[in-house]
Amino acid sequence: MYCLAHTQSSQDEMEVPSMDFLASPPRSPSDYGTDVHVDPSRIMDIIMLNSFEGEFKDDNQESKTWFCGLYLIPSLINHSCHRNASRLIVGGTMILHAATDIQKGEEITITYISTVAPLELRHKSSLAMKFGFKCKCKRCIVEDSLRHSLSDVSEMYCNLHDKAFDEVRKAISLVSHPPTESSFSAVAQFRSIFDRVSSRIRSEYGLSEIERKWIMAGYSSAYLGKWLIRGYIARFSKKPAIWDDTIVEVVEALRTTIPGLPHTLSLITLIVAITQRLENKHEIGKDVFKMGLAECSGIYGNLRSDVCIKLMEKSTEVIPFF
């Protein structure tokens, strides 16, 4: 633990130890002799640079407990805005598993920050956390090539995101006496951002289908804000007012870009409930339900289908806004 990176420059200089070493039993402090000097400030730097935050709930607790912990092998896993693995905290134990199919020899990656956001916001979050690097994954490279054409909508997104999220939470709190949609001005402006981004990426001839999904996922909250408010106001009962095919495209984009997210599972569960009330959407509902099972496996690992269904039902406790 003491040899983990403790400065931004030491991350590049550090040699990754072998798996045999990492899997070996921990040695006693006496094996290192009596003259080992432990620098408290270095320990704090190691914690700041390598630790993970999480939450757990004991059987005897009513509320969840937040904690910060050091995990040796996970601390060596790199970040990617297009990750292929996810982590789950059970008690004080971290479990890492594949969030999607991983090829032999492919690097395992996780996310250090929320990556359901445009490139500019992701870079700002990484800088604020003082990780000491700028992500250069495939997704970031593609979005960086479009930085000029998307700069205006990216700036609007950053300015409106928090205001739109406040309006979504307001709609939930006032669900018993819902106001009219016109009283939520921020989400209306936010939605226009998604429409403009969708139009622009369709006109970019050099983009592949998966690259379009990466960009759409980053701006997905701009679409979801208005959709969620409309749903919460109607208690997801006014089916024609809530349903549109774009919501399925958003889910597909999220699952392709950042698989294994509780927020996406919550969104999928809401969509499944809506399709069950629509006479002509049963087949789509089945497809979305299969997405939910796959997303559940991406979050919690491979589980029986009945367990996944219970987890899907519980997932709506999370607001599907990123």
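Residues numbered from 1 in each chain as written. Predicted model: local features only at pLDDT ≥ 70, side-chain atom pairs only at ≥ 80, totals over all residues. Heavy atoms only, no water.

Attention now moves to the overall build of the protein. The helix and strand tally for the protein stands at 14 helices and six strands. Taken against the 2.2 N^0.38 rule, which gives 20 Å for 322 residues, the C-alpha radius of gyration of the protein at 22 Å falls within 12% of a compact globule. Seen through its C-alpha atoms, the protein measures out along the principal axes to roughly 75 × 50 × 40 Å. Going through the 322 residues of the protein one by one, you find that 41% of them count as buried. For the protein, the share of sequence-separated contacts (at least 6 apart) that also reach a separation of at least 24 residues comes to 70%. For the protein, the accessible surface area stands at approximately 18300 Å², while carbon and sulfur atoms represent 54% of it. (Helix = DSSP H or I, 4+ residues; strand = E, 2+ residues; numbered from the N terminus. Rg over C-alpha atoms; globule rule 2.2 N^0.38 Å. Buried < 20%, exposed > 50% of the residue type's maximum accessible area, 1.4 Å probe, protein only. Contact = heavy atoms within 4.5 Å. Areas by Shrake-Rupley, 256 points an atom, 1.4 Å probe, with all protein chains shown as cover.)

Turning next to the environment of serine 41. Along the chain, serine 41 falls in helix α3 (residues 40-50). Assessed through its relative accessible area of 42%, serine 41 is described here as partly exposed. When the C-alpha atoms of serine 41 and serine 151 are compared, they prove to be 40 Å apart, with 110 residues separating the residues in sequence. There is a polar contact of 2.8 Å between the side chain of serine 41 and the side chain of aspartate 39. (Polar contact = N/O pair within 3.5 Å; in protein donor to acceptor, adjacent residues only side chain to side chain.)

We now examine the pattern of salt bridges. Under the criterion given, the structure shown has 11 salt bridges. Arginine 147 is the salt-bridge partner of glutamate 120, the closest N and O atoms lying 2.9 Å from each other. Here glutamate 120 is found in helix α4 (residues 119-128), whereas its partner arginine 147 is found in helix α6 (residues 147-173), with 27 residues between them in sequence. In this structure arginine 147 comes out as partly exposed when scored by relative accessible area, which is 33%. For lysine 314, the salt bridge goes to glutamate 317, with nearest N and O atoms at 3.4 Å. Three or more residues joined by partner-sharing salt bridges are found here, namely Glu120, Asp144 and Arg147. (Salt bridge = Lys/Arg side-chain N within 4 Å of Asp/Glu carboxyl O.)

Let's shift gears to the environment of arginine 191. Tracing the backbone through its elements, the reader meets arginine 191 in helix α7 (residues 185-203). Considered as a pair, arginine 191 and glutamine 8 are 183 residues apart in the sequence and their alpha carbons are 38 Å apart.

This brings us to helix α8 (residues 209-218). What α8 keeps buried is the set Arg212, Trp214, Ile215, Met216, Ala217 and Gly218. Contacts made by the buried residues of α8 are with α5 (138-145), α6, α7, α9 (220-233) and α11 (246-257).

Next up on the list: the pairing of strand β4 (residues 85-90). Here six bridges tie β4 to strand β5 (residues 93-98), and the two strands are oriented antiparallel to one another. Each bridged residue has a counterpart across the sheet, and for valine 90 the counterpart in β5 is threonine 93. Linking β4 back to β5 in an antiparallel pair, the connection comprises two residues, with glycine 91 at a positive phi of about 65°. (Pairing = 2+ DSSP bridges.)

Taken together, the side chains of Glu209, Glu249, Glu252 and Asp287 make up a negatively charged region of the molecular surface. Relative to the helices and strands, glutamate 252 resides in helix α11. (Patch = residues over 30% accessible without salt bridge, like charges linked within 9 Å, V, L, I, M, F, W, Y side chains within 5 Å. Lys, Arg positive; Asp, Glu negative; His and termini not counted. Charge placed at Lys NZ, Arg CZ, Asp CG, Glu CD.)

Right, let's talk about the packing of α6 against α7 for a bit. Two numbers describe a pair of packed helices, the interaxial angle and the distance between the axes. Contact pair α6 / α7: the axes reach a minimum separation of 8 Å and the direction vectors enclose 145°. Seen from above, α6 lies across α7 with left-handed handedness. Judged by residue contacts, Ser149, Leu150, Asp152, Val153, Met156, Tyr157, Leu160, His161, Lys163, Ala164, Glu167 and Val168 of α6 engage Ser185, Ala186, Val187, Gln189, Phe190, Ser192, Ile193, Arg196, Val197 and Arg200 from α7. For the contact of α6 with α7, the per-class residue count stands at 12 nonpolar, five polar and five charged. (Axes fitted to C-alpha atoms, helices over the stretch in contact; angles between N-to-C directions. Left-handed = near helix turned anticlockwise from the far one by under 90°. Nonpolar A, V, L, I, M, F, W, Y, C, P; charged D, E, K, R; others polar.)

What the rule picks out here adds up to one cavity of 30 Å³ or more. Of the voids in this model, the largest cavity is the one considered here, and its volume is about 30 Å³. As for the largest cavity, its lining consists of His79, Cys81, Ile113, Arg122, His123, Ser126, Phe133 and Cys135. Counting residues per element, the lining of the largest cavity draws most heavily on α4, which supplies three residues. Split into classes, the residues belonging to the lining of the largest cavity amount to four nonpolar, three polar and one charged. (1 Å grid on protein atoms, 1.4 Å probe; cavity = no way out; pocket = protein on both sides within 12 Å on 5 of 7 lines; lining within 4 Å. Points joined across faces, edges and corners; volume = space filled by probe spheres on them.)

Here the focus is the nonpolar core. Membership of the largest hydrophobic core comes to 57 residues, with the highest contact counts inside it found for Ile193, Tyr219, Trp227, Leu228 and Ile247. Listed by contribution, the elements that provide at least two residues to this core are α6, α7, α8, α9, α11, α12 (262-275), α13 (282-300) and α14 (305-315). Considering each element in turn, this core owes the most residues, eight residues, to α9. Judged by nonpolar contacts, the second largest core, of eight residues, contains Ile77, Ala85, Ile89 and Ile110. (Core = buried A, V, L, I, M, F, W, Y, C linked by side-chain atoms within 4.5 Å.)

These results come straight from atomic positions and should not be treated as a statement about function.
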